[in-house]
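# Structure at a glance
Below, each chain spelled out in residue letters.
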Amino acid sequence: MKKIFILLAFLFLLTGCGLLEFLEGGEPAEDRELVTVERVVDGDTVIVHLEDGSRERVRLLLIDTPESVKPDSEVQPFGEEASDFAKELMPEGETVELERGSPERDDYDRMLAYIWVDDENVNQLLVEEGYARVAFVYEPNTKYLEELEEAQEEAREKEDNIWSIPGYVESRFNEY
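Residues numbered from 1 in each chain as written. Predicted model: local features only at pLDDT ≥ 70, side-chain atom pairs only at ≥ 80, totals over all residues. Heavy atoms only, no water.

Bringing the nonpolar core into the picture now. Ranked by internal contacts, the top residues of the largest apolar core, which has 36 residues, are V46, V58, M90, I115, V122 and L126. Sort the elements by how many residues they give to this core and strand 6 (residues 111-117) lands first, with seven residues. Leaving out residues up to four positions away in the same chain, V58 has contacts with D44, T45, V46, V48, L98, M111, A113 and I115. By size, the runner-up hydrophobic cluster in this structure holds seven residues, among which are A155, W163, Y168 and V169. (Core = buried A, V, L, I, M, F, W, Y, C linked by side-chain atoms within 4.5 Å. Buried < 20%, exposed > 50% of the residue type's maximum accessible area, 1.4 Å probe, protein only. Helix = DSSP H or I, 4+ residues; strand = E, 2+ residues; numbered from the N terminus. Contact = heavy atoms within 4.5 Å.)

Turning our attention to helix 5 (residues 145-158). Its 14 residues give helix 5 an end-to-end C-alpha distance of 20 Å, which sits within 8% of 20 Å, the value for a rise of 1.5 Å per residue. The set of residues buried in helix 5 consists of L145, L148, A151, Q152 and A155. In an axial view of helix 5, the angular spread of the buried residues amounts to 125 degrees, which keeps them on one side of the axis. In helix 5, the exposed positions that point more than 90 degrees away from the buried face belong to E146, E154, E157 and K158. Lining the buried residues of helix 5 we find strand 4 (63-64), helix 4 (122-128) and strand 8 (133-134). Phi turns positive, to about 55 degrees, at E159, one or two residues after helix 5. (Expected span 1.5 Å × (residues − 1). Arc of directions from axis to C-beta.)

All right, on to a negative patch on the surface then. Judged by side-chain charge, E146, E147, E149, E150, E154 and E157 come together as a negatively charged surface patch. On the basis of relative accessibility, which here comes to 56%, the residue E146 falls in the exposed class. (Patch = residues over 30% accessible without salt bridge, like charges linked within 9 Å, V, L, I, M, F, W, Y side chains within 5 Å. Areas by Shrake-Rupley, 256 points an atom, 1.4 Å probe, with all protein chains shown as cover. Salt bridge = Lys/Arg side-chain N within 4 Å of Asp/Glu carboxyl O. Lys, Arg positive; Asp, Glu negative; His and termini not counted. Charge placed at Lys NZ, Arg CZ, Asp CG, Glu CD.)

Next up on the list: the pairing of strand 3 (residues 55-60). Here is the key point about a regular strand: its side chains alternate between the two faces of the sheet. The sheet contact formed by strand 2 (residues 45-49) and strand 3 spans five bridges and is antiparallel. The residue of strand 3 that forms the bridge with H49 is R55. Where strand 2 hands over to strand 3, the hairpin turn is made up of five residues, of which G53 adopts a positive phi near 95 degrees. As defined by bridge partners, strand 3 adjoins strand 6 across three bridges and the pair is classed as parallel. (Pairing = 2+ DSSP bridges.)

Chain-level pLDDT for the protein is 88 on average; 86% of the residues reach the 70-or-more range. Here residues 17-24 scores under 50 on pLDDT; set against residues more than four positions off or in separate chains, the count is six contacts. (pLDDT = per-residue confidence, 0-100.)

Our next topic: the packing of aromatic side chains. Remark: the centre distance and the inter-plane angle together describe each pair of aromatic rings, the angle taken between the planes. In total, this model carries four aromatic pairs according to the counting rule given. Ring geometry for F85 and Y131: centres 5.2 Å apart, planes at 35 degrees, overall tilted. With F85 in helix 3 (residues 79-89) and Y131 in the loop between helix 4 and strand 8, the pair connects residues that are 46 residues apart, well separated along the chain. Across the pair, Y131 and F85 agree in class, each one buried. Ring centres of Y168 and F173 lie 5.0 Å apart, and the angle between their planes is 55 degrees; on these two criteria the pair is classed as tilted. Neither Y168 nor F173 differs from the other in exposure class; each is buried. The rings of Y114, W116 and Y144 are connected pair by pair, giving a single aromatic cluster. Here R32 stacks its cationic end above the ring of W116, 3.7 Å away from the centre of that ring. (Phe/Tyr/Trp six-rings, centres within 6.5 Å; stacked < 30°, edge-to-face > 60°. Lys NZ or Arg CZ within 6 Å of the ring centre and 35° of its normal.)

As structure tokens, this is what we get:
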């Protein structure tokens, strides 16, 4: 009986420290799946490999970052910085969690999704740091809209990155 009590106390301690999840193999949260980052294309697009081995181009839901790699276009202010920040969050070969949108695809056949790293929403982190604006809001893909709008307002008030250039965000990054 004493051994069972000690074992239960130990398991309780592991759960509280987050180690049990590690020992269980790091199962993704509900409605998410584990994917491997192949590469970040730019601030709001990433290529991943799904568990079945298929390769997907993923467009991050509800955000827009300045262009850094668009063919026949100049790099827009903060485009490279947004891309670099996304690369820091999602390094090549990293396993991340992907939460698919509904519908799952846009008009360019890209998968629409939120990406999570260490239980943090990458889409929201880009907005919080002032590298992305809230955009392309289409029902029913609005699950985290309120959180993103709050993060955007904070970044705007602090005049972080894209918000540091008057009128830049309102122009949809086109007039600079």
